[in-house]
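In case you want the letters, here they are:
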Amino acid sequence: MKKKWWKESVVYQIYPRSFKDSNNDGIGDINGINEKLEYLKELGVDVLWISPIYDSPCDDNGYDISDYRAILKAFGTMEDFDSMLKRAHRLGMKVMMDLVVNHTSDEHNWFIESRKSKDNPYRDYYIWKTSKQGGEPNNWGASFGGSAWEYDEKTDMYYLHLFSKKQPDLNWENQKVRDEVFDMMDWWCQKGIDGFRMDVISMISKDQSFPDGKLNGGLYGNGSPYYMNGPRVHEYLQEMNQRVLSKYDLVTVGEAAGVTIEEAKKYANEDGTELNMVFQFEHVSIGDGKLGKWTTKKFDLQELKKVMTKWQIELSGKAWNSLYLCNHDQPRSVSRFGDDRAEYREVSAKMLATCIHMMQGTPYIYQGEELGMTNAYFDKIEDYKDIETLNIFEELTSAGLISEVEMMKCIQARGRDNARTPMQWDDSENAGFSTIKPWIGVNKNYTTINAAEQMRREDSVFHYYQKLIQLRKEYAIIPNGTYCLIEESHPQIFSYTREYQNRKLLVLLNFTDKDSQITIPEEFRNKYVICLISNYKEQSISKDILLRPYEAMVLYI
Ligand code: GLC
Ligand code: CA
């Protein structure tokens, strides 16, 4: 396996709108990030991934970009960005930009031109089709509800939008579009940024025959087989790599919904002809049902073990893994995979962190995850701001596919706003995020869960993360070792070993609120065994170890 700095890094994701509000208008901003760089340095992370800060009408909180080379006013100015970047670099941290190029905003100049006439020079920057039998060009549904096609009166044609109708899909078949995207990326690289997180990059190539998708009992057809990992996606990424990425020393991660192991081996191949790694979605989709993620069903531990193990083993030596349990599109990890009841919140948050951080790959921490922040659990639909949540609530309940009461429960379990409430800095009003009421409600538990309290307390979730990050730097086995699942079918415990240059790690994780026993491998039963980290104060190591509720332990020989 080739040695690369990003294989030894830990990434921290910032969702700027909710991170820190420096000028007290209720919206987080770039100067707010700047103020908190020392905090991030203290945590020990190497790379900051910043969700979109470009100019945007914010239909989807900035994932709808109207100018790739300008900063959204509410977030600050380009000078603010430059000084934040410079200071991050001075502190030894790198900055990864979010790159949203499957679509733009409908307020981007390219689209304003494109919709004007059929012979406009920008017409083919987007995907326009005529009506089929008096309706949409095909039956595909959009991710945020409704049809994926929007009728435009001016030219009597439809444009494709896989997300909201204010997010028209770019036509990557058009060489001019690719040239524009690559030029823009180069421009940011020239500024000195260190990488890209590529939004829904697995969707940029569409099957040009645009066939109908299967209905599966839903309102719209599922078009994903025709645009996820589409026919030319690898060709496009190789072109991007040759034209831009290979000229700089960057870290790149592709968000790749629907990615299989086989596909991931291409996207993140060790030869480096495309990207460094991808975000796969299998583990965060465990338990999804007929309404997709809109379910209250709990995840199944056996399935989690199976999925994580599959990615660890199959990519080893061939491609690189990203490791995550949370981001701005997912519920809070402690609420989804751990136990956010007061008595177990901290211990289970630490256990989950151990699970991910001891694996092979690059770990990602989502803001507030290092504090064990929990789901928002807002109980009124009016408290939610996310376009996906609001649209799908309306669509599914009015079609009678689910009751309003049931749907609210699903949103509390899986809605994206759970992770988008303001970062909890301290116990002052608005959690120290802002002096005025923020754009979205603060989680009520900020008086007990906040950064200030955790930084003062030695055994906090924050300090546990800090230690996990340090361990990755001190022990070569953590980034490099090979992985092996042990005690496969244990009903409560997830345990695995890692091996590298005659050294071994044993990771033991109790995923339940009950004591659970496990027999550990012979070689870990001698007096030379070191416990690298644990989320309980004292451990007794013997042949049969009794793990307390959510106990995590890492043994090293
Ligand atoms: C990605 C982003 C998500 C956004 C969508 C459309 O999945 O992570 O937040 O809504 O793409 O850009
Ligand atoms: Ca602000």
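Provided above is the structure to which this section pertains.
Residues numbered from 1 in each chain as written. Chains lettered and ligands numbered in written order. Predicted model: local features only at pLDDT ≥ 70, side-chain atom pairs only at ≥ 80, totals over all residues. Heavy atoms only, no water.

(A) Spatial organisation of the overall build of the protein chain. The helix and strand inventory of the protein chain stands at 16 helices and 20 strands. Against the 2.2 N^0.38 benchmark of 24 Å for 557 residues, the protein chain shows a C-alpha radius of gyration of 23 Å, consistent with a compact globule. Principal axes of the C-alpha set define a box for the protein chain whose edges measure 80 × 50 × 50 Å. Relative to all contacts within the protein chain whose residues are 6 or more apart in sequence, the contacts with residues 24 or more apart total 72%. (Helix = DSSP H or I, 4+ residues; strand = E, 2+ residues; numbered from the N terminus. Rg over C-alpha atoms; globule rule 2.2 N^0.38 Å. Contact = heavy atoms within 4.5 Å.)

(B) Representation of helix 12 (residues 387–398) within the structure. Compared with the 16 Å implied by 1.5 Å per residue over twelve residues, the 17 Å span of helix 12 between its first and last C-alpha is a close match. Residues of helix 12 that are buried include every one of Ile387, Glu388, Thr389, Ile392, Phe393, Leu396 and Thr397, and no others. Its side-chain oxygen 3.1 Å from the backbone nitrogen of Glu388, Asp386 forms the N-cap of helix 12. Phi turns positive, to about 75 degrees, at Gly400, one or two residues after helix 12. (Expected span 1.5 Å × (residues − 1). Buried < 20%, exposed > 50% of the residue type's maximum accessible area, 1.4 Å probe, protein only. Polar contact = N/O pair within 3.5 Å; in protein donor to acceptor, adjacent residues only side chain to side chain.)

(C) Broad picture of the environment of Gln238. In this fold, Gln238 is placed in helix 7 (residues 233–243). The spacing of Gln238 and Gln167 is 71 residues in sequence and 25 Å in space, taken between C-alpha atoms. With near-sequence residues (within four places) excluded, Gln238 lies in contact with Thr273 and Glu274. Here Glu274 takes part through its side chain, which lies 2.8 Å from a polar atom of the side chain of Gln238.

(D) The arrangement of the coordination of the calcium ion (ligand 2) in detail. The protein atoms that coordinate the calcium ion (ligand 2) are Asp21 (OD), Asn23 (OD1), Asp25 (OD), Ile27 (O) and Asp29 (OD), at distances of 2.2 to 2.3 Å. Taken in chain order, the donor set of the calcium ion (ligand 2) reads D-x1-N-x1-D-x1-I-x1-D. (Donors = N, O, S within 2.8 Å, 3.2 Å for Na, K, Ca; no water.)

(E) Looking closely at the pattern of salt bridges. Tallied over the full model, the rule gives 44 salt bridges. With a closest N to O distance of 2.8 Å, Lys166 and Asp106 form a salt bridge. You can see Lys166 sitting in the loop between strand 8 (157–160) and helix 5 (175–191) and its partner Asp106 sitting in the loop between strand 5 (94–99) and helix 4 (109–114), a full 60 residues away along the chain. Among the residues examined, Asp106 registers a relative accessible area of 12% and is labelled buried. Ionic pairing is found between Arg420 and Asp329, a salt bridge with its closest N-O pair at 3.1 Å. Of the two residues, Arg420 sits in the loop between helix 13 (404–414) and helix 14 (451–456) while Asp329 sits in the loop between strand 12 (320–323) and helix 10 (333–336), which places them 91 residues apart along the sequence. Grouping residues by exposure puts Arg420 and Asp329 together as buried. (Salt bridge = Lys/Arg side-chain N within 4 Å of Asp/Glu carboxyl O.)

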